[in-house]
Amino acid sequence: MKSTALRAIPVLGWLYLAGGLAATSTDRIPESPVLHAIWWIDAFLSVVVHAAQIPAALRAAEGSGRSRVETVVLTQIFGMTWWRTQTGREHIGAEDTL
């Protein structure tokens, strides 16, 4: 249950990014600079930071039976909330975290 709740956060982030892109494509961009800043911060976290977590996720997934592609895709979508909550991986060393 806790894992599902944690994974809702990046999903909401991706939905916010999609909403921003949809608003741009229909010329209905909000004028609020705060909303713009939040969108860019979300884009950075969702794209750059999740991608930076992929090497650690691949190390954490070794021996789990999951494919590398599955690990990469799910880490890009959910970030650390996916690979850190996998069963059988209760503890990952500090060298595996960002």
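Bear in mind the structure is a predicted one, so any value in this text is a computation, not a measurement.

A. Seen up close, the overall build of the protein. Along the protein, the regular secondary structure elements total five helices and zero strands. Secondary structure elements of the protein, listed N to C terminal, follow the sequence α-α-α-α-α. A total of 98 residues make up the protein; the buried ones form 30% of that total. Contacts spanning at least 24 positions in sequence make up 58% of the contacts within the protein whose residues lie at least 6 apart. Just so you have it, the protein exposes about 6600 Å², and 68% of that area is on carbon and sulfur atoms.

B. Looking closely at the side chain of aspartate 42. Inspection of the secondary structure assignment puts aspartate 42 in helix α2 (residues 33-52). Ignoring anything within four residues of it in the chain, the contact list for aspartate 42 reads Gly13, Trp14, Tyr16 and Leu17.

C. Quick look at the nonpolar core. One finds Ala56, Ala57, Ala60, Leu74, Phe78, Trp82 and Trp83 forming the largest nonpolar core, which totals seven residues. Looking at this core, the elements with two or more residues in it are α3 (54-61), α4 (68-78) and α5 (80-83). Per element, the largest residue contribution to this core is three residues, and it comes from α3.

D. Structural detail: the environment of alanine 8. Within the fold, alanine 8 resides in helix α1 (residues 2-25). Taking relative accessible area as the criterion, alanine 8 reaches 34% and is therefore assigned partly exposed.

E. Inspection of α2 at higher detail. Taking 1.5 Å of rise per residue, the 20 residues of α2 would be expected to cover 28 Å, and the 27 Å separating its terminal C-alpha atoms lies within 8% of that figure. Remark: the principal bend of α2, roughly 25°, maps to leucine 45. Listing the buried residues of α2 in full gives Trp39, Asp42, Ala43, Ser46 and His50. The elements touched by buried residues of α2 are α1, α3 and α4. The N-cap residue of α2 is serine 32: its side-chain oxygen and the backbone nitrogen of valine 34 are 3.2 Å apart.

Cut-offs and rules
The numbers attached to residues start from 1 for each chain and follow its sequence in the written order. Under the rules for a predicted model, residues below a pLDDT of 70 receive no local features and side-chain atom pairs below 80 are neither given nor counted, while totals for whole chains, interfaces and linings still include all residues. The side-chain figures draw on all heavy atoms in the structure; neither hydrogens nor water molecules are used. Per the convention used, a helix needs a DSSP run of H or I reaching at least four residues, while a strand needs a run of E reaching at least two, with both numbered from the N terminus. Only protein chains enter the accessibility calculation, which uses a 1.4 Å probe; a residue is then buried when its area is under 20% of its type maximum, exposed when over 50%, and partly exposed in between. It only takes one pair of heavy atoms within 4.5 Å for two residues to be counted as in contact. Per-residue and other accessible areas follow the Shrake-Rupley method at a 1.4 Å probe size, with only the shown protein chains counted as cover for residues. Here the nonpolar core consists of buried residues drawn from Ala, Val, Leu, Ile, Met, Phe, Trp, Tyr and Cys, with membership extended through side-chain atoms lying within 4.5 Å. Here, expected helix span is obtained from the residue count minus one, scaled by 1.5 Å. Throughout, the bend at a residue refers to the angle made by two axes, fitted to the seven residues ending there and to the seven starting there. Whenever a nitrogen or oxygen atom comes within 3.5 Å of another N or O atom, the pair is scored as a polar contact, on the condition that within protein one atom can donate a hydrogen and the other can accept it, and that pairs from neighbouring residues in sequence are kept only if both atoms are in side chains.

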